[in-house]
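This is what each chain is made of:
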Amino acid sequence: MNTNFGIYNYLNLINRRVAKAFRSTGRNPLPADFKITTESIKERLYLNQMQADLSYPEFLFEDNRDVKKRFKASVKQIKQLQAMLKDENFTKTMSKEFLSKFSTYLKLRLFVTNSILKEFKRYFFNEIDAYEEICAINTIFFELLDGTFEPDFDVRFYLDGLEEKYKIFYQERVSRLEEKVSEKTKKKRAATEKLHQQEIDLNAKVLKAEAKIIKSGLKTEKKAEKIKSSKEVFKFKQAKDKKENVKN
C-alpha cells in the first residue's frame, strides 16, 4: 500500500492512533477536498498548543465499568450529532467550511473513542489519559460539546450558534498564544541585550586593565631609563674627574 506521507504526518499531529490506522488501512478521515497547506498546518499547530480549561469529571474516578458506560454514552451522542448534520434544519446557519471541519472532528472523535473502548480491559489502561486523548483532538470542540459523556443530554443544544462560539474561542486562544510568544520574544531579546552589555562591560574592564598594565610598564621603562641615564652621567663625571686629576 502506498502511503501518502503528507496526510500521514498531518494525522500524526492530530492523533497517533488515527495516523497508524491510515497507514495500515488507507482509511483517511479527512474530507476528500482537504489540502495540506501552510495555513492548515499552522491552524493544527495552534490547536495543539491550546490548553483547554479542563476539569476532570467525577465519573472518571468511579468503577471502571461505570467509566466505560460514560465513554459508550459519548459514542451515542457523537452518532446523534452526525445524523443531525445530515439534516439542513440543523446546519442551515453553518458555513460549508465549518460544517466540514465539525464533521471531520466528529469522525475523528468517534474513531478514537471506539478504539479506546477496546482497551478498557487492559491492565495498564488509564481512564484519565484516555479522557485527555479525546480532548486533545480539538480542545475547543471538546469544551463546546461539554456534556457528551452524560447519557441523557440533549445534543441539539450544541448546534445553537456553534460556529460563532467556535470562532470566538479560537481567536481568543490564538491571541493568548501570540501574546505568550511575544512575551517570550521580548524576554529572549532582553536576555540577549543583557548578555551583550555584560560582554561590553567585560571587554571594557579588560581593556582598562590592559591599559593600566601598559601604563605601569611605561612608567617602569621610564624609571629604568632614568636610572640608566643617571648611572651614565655619574660614570661620565667620574671619568672626567680622573682625567683632571691626572693632568694636575
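All figures in this text were calculated on a predicted structure; none of them were measured in a lab. (Residues numbered from 1 in each chain as written. Predicted model: local features only at pLDDT ≥ 70, side-chain atom pairs only at ≥ 80, totals over all residues. Heavy atoms only, no water.)

Draft legend 1. Expanded view of a nonpolar patch on the surface. A cluster of nonpolar residues, Ile 36, Ile 41 and Leu 45, forms a patch on the protein surface that exposes about 210 Å² of accessible area. When you line up the elements, Leu 45 lands in helix H3 (residues 38-49). You can call Leu 45 partly exposed: its relative accessible area is 40%. (Patch = residues over 30% accessible without salt bridge, like charges linked within 9 Å, V, L, I, M, F, W, Y side chains within 5 Å. Areas by Shrake-Rupley, 256 points an atom, 1.4 Å probe, with all protein chains shown as cover. Salt bridge = Lys/Arg side-chain N within 4 Å of Asp/Glu carboxyl O. Helix = DSSP H or I, 4+ residues; strand = E, 2+ residues; numbered from the N terminus. Buried < 20%, exposed > 50% of the residue type's maximum accessible area, 1.4 Å probe, protein only.)

Draft legend 2. Spatial organisation of the packing of helix H6 (residues 96-117) against helix H7 (residues 127-137). In the contact formed by H6 and H7, the axes pass within 9 Å of each other and the chain directions differ by 165°. With respect to H7, the axis of H6 lies roughly antiparallel. Here H6 runs over H7; the crossing is right-handed. Counted together, Tyr 105, Leu 108, Arg 109, Val 112, Thr 113 and Ile 116 of H6 and Ala 130, Glu 133, Ile 134 and Ile 137 of H7 form the full contact between these two elements. Across the contact of H6 with H7, the residue classes tally to seven nonpolar, one polar and two charged. (Axes fitted to C-alpha atoms, helices over the stretch in contact; angles between N-to-C directions. Parallel < 35°, antiparallel > 145°, perpendicular 65-115°, else oblique. Left-handed = near helix turned anticlockwise from the far one by under 90°. Contact = heavy atoms within 4.5 Å. Nonpolar A, V, L, I, M, F, W, Y, C, P; charged D, E, K, R; others polar.)

Draft legend 3. Quick peek at the packing of helix H1 (residues 5-14) against helix H2 (residues 16-25). Where H1 contacts H2, the two axes come as close as 7 Å, and the packing angle between them is 155°. In terms of orientation, H1 and H2 fall into the roughly antiparallel class. From H1, Phe 5, Ile 7, Tyr 8, Leu 11 and Asn 12 reach across to H2, where they touch Arg 16, Val 18, Ala 19, Lys 20, Phe 22 and Arg 23. Residues that form the contact of H1 with H2 fall into these classes: seven nonpolar, one polar and three charged.

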